[in-house]
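Single-letter residue listing:
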Amino acid sequence: MAFTKKTVRDIDVAGKRVLMRVDFNVPLKDGVVTDDTRVRAAIPTIKYLKEQGAGIILMSHLGRPKGDGPEPELSLRPAAEKLAELTGYDVRFVDDTYGEKAEKAVSEVKPGDILVLENVRFLKAEKKNDPEVAKKLASYGDVFVLDAFGTAHRAQGSVVGPAAYIPAVAGFLLEKEVDTLTSIFADPARPFVAIVGGSKVSSKIGVLDHLIDSADTLIIGGGMAYTFFLAKGYAVGTSLKEEDWVERAAEMLKKAEDKGVKILLPVDNVVADHFGEDAEGEVVDSDKIPDDRMGMDIGPKTCALYVEAIKGAKTVFWNGPMGVFEMDQFAKGTEAVARAVADSDCTSIIGGGDSVAAINKFDLADKMSWISTGGGASMELVEGKALPGVEALLDA
């Protein structure tokens, strides 16, 4: 399934102003970008536009501002500075998005210039895709480029809005993300092993369902495993669980069995008496979790089982950690899986979110075939849903 929308290659941008929605939603600490993955991901499109002689106006959100004015700690200035540092380009920043100050800065953009606007979400109306916001933003450019895969699943002013008023095409990152994530399900090299972790079954139900349709083996870890344990009749102590989803989990186990898809659940777990760095972890079998203990990670036998399953894979899709990997003593399961994926001779697709944080924690990013920049967006694509941001672009 090839990408069906026009990209920056299909449109003449020379001498034009290009309004580009990027995803510079990066983690900041004391006004400094602590992980520049998303800024780096946008550079190929920015570089191409600059070389083609376009004036570039970049916009993004960062964090979750209240939406009633500027919040200095959520300013995009550090992201603009990071872009300048990574590219060596002269990058201008204006601390305004929809007002006269932004308008003036935009009017001064010449071919080859790069201007970064302030956080689009400092105004509440942006999230509602208010036509006034869309119109205002569209007035800044002759062409709109969407390269923010991480927000392509949101029908918001800066994501889909300008497409109603000016020609809209995809950037290279958006194209590659959609291509990679859709082709892996269309025709994966087999065996195809999917690994899904994270805390809740409810948030990944569509993904799990879709994976049972396409994977050969489905590995489950993280907090969601305990809801599956309940479906198998095990007690889970004080572990994270979703009672309302037990029946649905049981249906999935049955569906997988009927389709001949192997579902691997933890056979042992590292449990603790409370949630904390100082908690004492102990290993117990999955059907022997004490009433006063909670699962924090997969156990050593499970690690060995999962690593073995990953070893023979030709395609791996991974989304979600195996345990509370932020705490070192409960990170062993996630690390074992990450290393197995890195060492396997396979095409490995990492589906955004916490899995990316885990891979960066263990310094394995360069060993993965594709690391998605979008958590929610990649999950929706995996579910087979259309992304509003992509839908709004011109057809190829």
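Residues numbered from 1 in each chain as written. Predicted model: local features only at pLDDT ≥ 70, side-chain atom pairs only at ≥ 80, totals over all residues. Heavy atoms only, no water.

As recorded in an unreviewed UniProt entry, the chain goes by the name Phosphoglycerate kinase, listed as coming from Olsenella uli. The chain has a UniProt comment under Pathway (unreviewed entry) that states "Carbohydrate degradation; glycolysis; pyruvate from D-glyceraldehyde 3-phosphate: step 2/5." A UniProt comment under Catalytic activity (unreviewed entry) is attached to the chain, and it reads "(2R)-3-phosphoglycerate + ATP = (2R)-3-phospho-glyceroyl phosphate + ADP". (UniProt positions renumbered as here; feature names shortened; annotations may be inferred.)

**As for the packing of helix 1 (residues 37-51) against helix 2 (residues 77-87)**
One way to put it is that helix 1 packs onto helix 2 with a least axis distance of 10 Å and a crossing angle of 60°. Both helix 1 and helix 2 take part in a crossing whose hand is right-handed. Within the contact between the two elements, helix 1 uses V39, R40, I43 and I46 and helix 2 uses A79, K82, L83, L86 and T87. Broken down by class, the residue content of the contact of helix 1 with helix 2 amounts to six nonpolar, one polar and two charged. (Axes fitted to C-alpha atoms, helices over the stretch in contact; angles between N-to-C directions. Helix = DSSP H or I, 4+ residues; strand = E, 2+ residues; numbered from the N terminus. Left-handed = near helix turned anticlockwise from the far one by under 90°. Contact = heavy atoms within 4.5 Å. Nonpolar A, V, L, I, M, F, W, Y, C, P; charged D, E, K, R; others polar.)

**Notes on the packing of aromatic side chains**
The full count for this structure, using the stated rule, is five aromatic pairs. Plain terms: the ring middles of Y226 and F229 are 5.4 Å apart, the flat faces sit at 90° to each other, and that makes the pair edge-to-face. Of this pair, Y226 and F229 are both found in helix 8 (residues 225-231), three residues apart, which corresponds to roughly one turn of the helix. Pairwise contacts between aromatic rings join F185, F192 and F317 into one cluster. The ring of Y89 has K50 lying over it, and the distance from NZ or CZ to the ring centre is 4.8 Å. (Phe/Tyr/Trp six-rings, centres within 6.5 Å; stacked < 30°, edge-to-face > 60°. Lys NZ or Arg CZ within 6 Å of the ring centre and 35° of its normal.)

**Examining the UniProt feature "binding site: (2R)-3-phosphoglycerate" (unreviewed entry) in the chain**
Feature annotation in UniProt assigns "binding site: (2R)-3-phosphoglycerate" (unreviewed entry) to the following positions: R38, R121 and R154. Discounting chain neighbours no more than four positions away, the residues touching R121 are H61, G63, P65, G67, E126, K127, T151 and Q156. Relative to the helices and strands, R154 is located in the loop between strand 7 (143-146) and helix 5 (157-160). With relative accessibility at 37%, the residue R154 sits in the partly exposed group. If we skip the residues at most four places from it in the chain, R154 touches V159, V160 and P388. (Buried < 20%, exposed > 50% of the residue type's maximum accessible area, 1.4 Å probe, protein only.)

**Overview of the UniProt feature "binding site: substrate" (unreviewed entry) in the chain**
Under the feature "binding site: substrate" (unreviewed entry), the UniProt entry names D23, F24, N25, R38, H61, L62, G63, R64, R121 and R154. Once you skip the residues sitting within four places of it in the chain, N25 turns out to touch R38, S60, H61, L62 and G63. Among the secondary structure elements, L62 is positioned in the loop between strand 4 (55-59) and helix 2. If near-sequence neighbours (up to four positions away) are discounted, L62 is found in contact with F24, N25, V26, L28, L74, S75, L76 and N119.

**Here's the deal with the pattern of salt bridges**
Tallied over the entire structure, the rule returns 26 salt bridges. The residue R38 makes a salt bridge to D23 at a minimum N-O spacing of 3.2 Å. Taken together, the residues span a long stretch of sequence, with R38 in helix 1 and D23 in the loop between strand 1 (17-21) and strand 2 (28-29) at a distance of 15 residues. A relative accessible area of 23% means that R38 is categorised as partly exposed. (Salt bridge = Lys/Arg side-chain N within 4 Å of Asp/Glu carboxyl O.)

**Topic: a negative patch on the surface**
Side chains of D273, E277, D278 and E280 sit close together on the surface and give a patch of like negative charge. Looking at where D273 falls in the secondary structure, it is placed in the loop between strand 12 (268-272) and strand 13 (282-285). (Patch = residues over 30% accessible without salt bridge, like charges linked within 9 Å, V, L, I, M, F, W, Y side chains within 5 Å. Areas by Shrake-Rupley, 256 points an atom, 1.4 Å probe, with all protein chains shown as cover. Lys, Arg positive; Asp, Glu negative; His and termini not counted. Charge placed at Lys NZ, Arg CZ, Asp CG, Glu CD.)

**A few points about the domain arrangement of the chain**
The domains assigned to the chain are domain 1 (15-170) and domain 2 (179-381). Of note, the centres of domain 1 and domain 2, computed from C-alpha atoms alone, are 35 Å apart. Each partner contributes to the interface: domain 1 provides eight residues, whereas domain 2 provides ten residues. Counting the surface lost from both domain 1 and domain 2, the interface buries some 650 Å², and carbon and sulfur atoms represent 64% of this. Sorting the residues of domain 1 by area buried against domain 2 places R38, F149 and H153 first, and these three jointly supply 73% of that buried surface. At the junction of domain 1 with domain 2, the criterion picks out zero salt bridges. Our enumeration of links across domain 1 and domain 2 arrives at one residue pair in polar contact (both at pLDDT 80 or more). A class-by-class count of the residues in the side of domain 1 that touches domain 2 yields two nonpolar, three polar and three charged. (Domains from an automatic or database assignment. Buried area = accessible area lost by both parts, 1.4 Å probe. Polar contact = N/O pair within 3.5 Å; in protein donor to acceptor, adjacent residues only side chain to side chain.)

**Some details on the sheet that holds strand 16 (residues 347-350)**
In spatial order, the strands read 11-10-9-15-16-17; together these six strands make up an open sheet with parallel pairing. Here the strands that pair on one side only, and so sit at the sheet edges, are strand 11 (262-264) and strand 17 (370-371). By the bridge criterion, three bridges tie strand 10 (residues 217-220) to strand 11 in an arrangement that is parallel. The residue of strand 11 that forms the bridge with L218 is I263. Packed on one face of the sheet, helix 11 (residues 332-343) meets strand 9 (192-196), strand 15 (315-319) and strand 16 and runs near 150° to strand 15. (Pairing = 2+ DSSP bridges.)

**Some thoughts on the pairing of strand 7**
Of the two faces of strand 7, both are covered, the one formed by V143 and V145 as well as the one formed by F144 and L146. Where strand 1 and strand 7 come together, four bridges link them in parallel fashion. Counted as the bridge partner of M20 is V145 from strand 7. Both strand 7 and strand 8 (residues 168-170) contribute to a ladder of three bridges, which runs parallel. Along strand 8, the bridge assignment pairs F144 with A168.

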